[in-house]
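One letter stands for each residue in the lines below.
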Amino acid sequence: MPTFSTSPGTRDILPPQAGRWRAFTSVFADVVESAGYECVIPPMFEELGVFLRLGDATDVVTKEMYDFEDKGGRHIALRPEHTAGICRAFAQHRPTTPWKVWYSGSNFRYEKAQAGRYRQFDQVGIEVLGPSDPLLDVEVIALGWHFFAALGLKNVDLAVNSLGDPGDRAAYIDALSAYLNSRSAELSEEARLTLQKNPLRVLDSKREQDASVIADAPTIGAFLSDDARAHFDAVTSGLSLLGIPFRVTRGLVRGLDYYQRTVFEFVSTSLDNAQTAIGGGGRYDGLVEDLGGPSTAGVGFALGVDRTLLACDSESVFAAPSSGVDVFVIDVVDGMTAVRLTEVIRAAGYRADRAFDGRSMKSQMKSADRAGARLAVIIGADEAEAGTCTIRDLLTSEQSVVLQSEILQHISLILGERTPRRATL
Ligand code: AMP
């Protein structure tokens, strides 16, 4: 056993998985940048107060926050999500609206670690600050939908709901709370505890014992104001217009307190554990103001990278990209020709590697294979003497002896041209 290993709920993402994560972010960036979103990188920790906006009675705030006092006596928390930090950034810098941004990065929640639920997990997401137009909600939801499709996922369900305006929500919570209290004897102990703190969250219970009480609970639909209803109708009409299938799920409330009007969730139907939500979001029109900024509407989503990749595994899509090199340089003289040729080949835009420690020809050929190289460039004593090298196609086993000074022409005949790397000095 090694002396140290990863803490519970954290993982090393090793090659080739780490390459898959990078590819994931790059597909996400392509999808959202095509819609005018720009990358933003907020800090990983903030003053605790920024995250208290998620709601005093939410699990994220009461149980899951990684918070601590720093050496300067500040009460700090590692971010449990990105939205609050991005709204804090908006309030601080006041960029012009609409502010359309995307992000990718880790969040931290002290949760019970299990498959698909980690203490450090990654999300990609978008946020738009400024417009309250329901057609923006449509754009945001559609981008999430198209991103999952771009990964190759097919088994994704979209649930949408409206939580109404703050007044509607409060009236609904009163009615829900009265109803749940009237049937509290039938609820699980956990649900009874949740009911005292945050009645809405009882609707999230996946326990069988709570199912029948939840099934008969009043739903938010009847409590929506005319404005909130019209807003939601525009969202669903827009989604229909785009041919994006969705289900209006009146029980969908989402965990965090700042949501109002539209909320939505993407669920993978190919994941069979309890952690099937691969992303979600909604409108949070009061959040920037709560953080001391001007009254500003906002909408966005966060997608869980870890869990979405588990969904990709179960649908056998979006495999890790091949990490092989193009060329492996084998120098069995003194390694100096390999030093020079790998530089030349890399600068021309090819991926090139070599062996170290003066290994034998056989061992270096093995390394070339392991590196996934298409071509081996071999320098033996005769070649070194004559300023030549043998270029061997590892796919067809064809080989020829060429001048070292003409190596790039020969490589490009087989592999095609690449974009040269720009000089750095
Ligand atoms: P939330 O911010 O809780 O709405 O989460 C948005 C998405 O992030 C979820 O749908 C999950 O895919 C992912 N997620 C949330 N919490 C975790 C966690 N502890 N581990 C892994 N993924 C998570």
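In what follows, the structure referred to is the one given above.
Nothing here was measured: the structure is a model prediction, and the numbers come from that model. (Residues numbered from 1 in each chain as written. Predicted model: local features only at pLDDT ≥ 70, side-chain atom pairs only at ≥ 80, totals over all residues. Heavy atoms only, no water.)

(A) Inspection of the site of the ligand at higher detail. In the vicinity of the ligand lie 14 residues, with Arg109, Glu111, Tyr118, Gln123 and Arg254 positioned nearest. Here an oxygen atom of the ligand sits 2.9 Å away from a polar atom, N or O, in the main chain of alanine 277. Summarising the interface, the protein chains cover 91% of the accessible area of the ligand, which totals 480 Å² for the free molecule. For the shell around the ligand, the element with the most residues is strand 10 (residues 277-283), which contributes 3 residues. When grouped by side-chain class, the residues that make up the shell around the ligand number 5 nonpolar, 4 polar and 5 charged. (Near = heavy atom within 4 Å. Polar contact = N/O pair within 3.5 Å; in protein donor to acceptor, adjacent residues only side chain to side chain. Areas by Shrake-Rupley, 256 points an atom, 1.4 Å probe, with all protein chains shown as cover. Helix = DSSP H or I, 4+ residues; strand = E, 2+ residues; numbered from the N terminus. Nonpolar A, V, L, I, M, F, W, Y, C, P; charged D, E, K, R; others polar.)

(B) Looking closely at the state of the cysteines. Applying the stated criterion across every chain yields a total of 0 disulfides. Left unpaired, cysteine 39 is separated from the closest cysteine sulfur, that of cysteine 87, by 16 Å. On the basis of relative accessibility, which here comes to 45%, the residue cysteine 39 falls in the partly exposed class. (Disulfide = S-S within 2.5 Å. Buried < 20%, exposed > 50% of the residue type's maximum accessible area, 1.4 Å probe, protein only.)

(C) A look at the environment of leucine 256. Relative to the elements of secondary structure, leucine 256 occurs in the loop between strand 8 (247-248) and strand 9 (260-268). The class of leucine 256 is buried, set by a relative accessible area of 11%. With 20 residues separating them in the primary sequence, leucine 256 and threonine 236 have C-alpha atoms 22 Å apart. When sequence neighbours within four positions are dropped, the list of residues in contact with leucine 256 reads Leu54, Thr58, Val60, Glu81 and Arg169. (Contact = heavy atoms within 4.5 Å.)

(D) Structural view of the pairing of strand 16 (residues 399-403). Pairing of strand 15 (residues 388-393) with strand 16, which is carried by 5 bridges, proceeds in the antiparallel orientation. What sits directly across from cysteine 389, in strand 16, is valine 402. What sits between strand 15 and strand 16 in their antiparallel hairpin is a turn of 5 residues, with serine 397 showing a positive phi close to 65 degrees. (Pairing = 2+ DSSP bridges.)

(E) Layout of the side chain of serine 106. Secondary-structure assignment places serine 106 in strand 5 (residues 99-108). Relative accessible area serves as the criterion here: at 10%, serine 106 is assigned to the buried category. Of note is the side chain of serine 106, whose polar atom sits 3.0 Å from the side chain of glutamine 120. Within the structure, the side chain of serine 106 is placed 2.7 Å from the side chain of aspartate 122, a separation counted as a polar contact.

(F) Structural detail: the sheet that holds strand 6 (residues 120-130). Strand order in this open sheet of 8 strands is 1-5-6-11-10-9-7-8, and the pairing throughout is mixed. Lying at the two open borders of the sheet, with one neighbouring strand each, are strand 1 (38-39) and strand 8. Note that strand 7 (residues 156-162) and strand 8 share 2 bridges and pair parallel. By the bridge assignment, valine 160 is partnered in strand 8 with valine 248. Where helix 1 (residues 17-33) meets the sheet, its contacts fall on strand 5, strand 6 and strand 11 (297-304), and the angle it forms with strand 5 comes to roughly 160 degrees. (Axes fitted to C-alpha atoms, helices over the stretch in contact; angles between N-to-C directions.)

(G) Spotlight on the packing of helix 1 against helix 12 (residues 305-314). Running from N to C, helix 1 and helix 12 cross one another at 105 degrees; their axes reach a closest spacing of 11 Å. Compared by their axis directions, helix 1 and helix 12 come out roughly perpendicular. For the pair helix 1 and helix 12, contact is made by Arg20, Trp21 and Phe24 and by Val305, Asp306, Thr308, Leu309, Cys312 and Asp313, respectively. The class makeup of the residues in the contact of helix 1 with helix 12 is 5 nonpolar, 1 polar and 3 charged. (Parallel < 35°, antiparallel > 145°, perpendicular 65-115°, else oblique.)

(H) Just the pattern of salt bridges, in detail. Per the stated rule, a full pass over the model turns up 20 salt bridges. The salt bridge partner of aspartate 70 is arginine 74, with a shortest N-O separation of 2.9 Å. As a salt-bridge pair, arginine 283 and aspartate 137 come within 2.7 Å of each other at their nearest N and O atoms. In this pair, arginine 283 is assigned in strand 10 and aspartate 137 in helix 5 (residues 134-151), connecting sequence segments 146 residues apart. Each of the two residues, arginine 283 as well as aspartate 137, counts as buried. It is possible to trace a salt-bridge network through shared partners that takes in Asp59, Lys63, Arg201 and Asp204. (Salt bridge = Lys/Arg side-chain N within 4 Å of Asp/Glu carboxyl O.)

(I) Looking closely at a positive patch on the surface. A contiguous patch of positive charge, built from Arg359, Lys362, Lys366 and Arg370, is present on the exposed surface. Tracing the chain through its elements places lysine 366 in helix 14 (residues 361-370). (Patch = residues over 30% accessible without salt bridge, like charges linked within 9 Å, V, L, I, M, F, W, Y side chains within 5 Å. Lys, Arg positive; Asp, Glu negative; His and termini not counted. Charge placed at Lys NZ, Arg CZ, Asp CG, Glu CD.)

(J) Here's a closer look at the packing of aromatic side chains. Taken as a whole, this structure holds 13 aromatic pairs when the rule is applied. With 6.4 Å between their ring centres and 75 degrees between their planes, phenylalanine 24 and phenylalanine 318 make a pair best called edge-to-face. Here phenylalanine 24 is found in helix 1, whereas its partner phenylalanine 318 is found in the loop between helix 12 and strand 12 (327-331), with 294 residues between them in sequence. Given the relative accessible area of 0%, phenylalanine 24 is considered buried. Note on phenylalanine 318: relative accessible area 18%, which makes it buried. Their ring planes at 45 degrees and their centres at 5.9 Å tell us that phenylalanine 90 and tryptophan 99 sit as a pair that is tilted. (Phe/Tyr/Trp six-rings, centres within 6.5 Å; stacked < 30°, edge-to-face > 60°.)

(K) View of the environment of leucine 48. Relative to the elements of secondary structure, leucine 48 occurs in helix 2 (residues 48-52). A C-alpha to C-alpha distance of 23 Å links leucine 48 and tryptophan 102, two positions 54 residues apart in sequence. With residues near it in sequence (within four places) discarded, leucine 48 still touches Met65, Asp67, His75, Ile76 and Ala77.

(L) Layout of the pairing of strand 15. Of all 6 residues in strand 15, 5 are buried; the element is thus mostly enclosed. Pairing between strand 14 (residues 375-379) and strand 15: 4 bridges, direction antiparallel. Paired with isoleucine 378 across the strands is threonine 390, a residue of strand 15.

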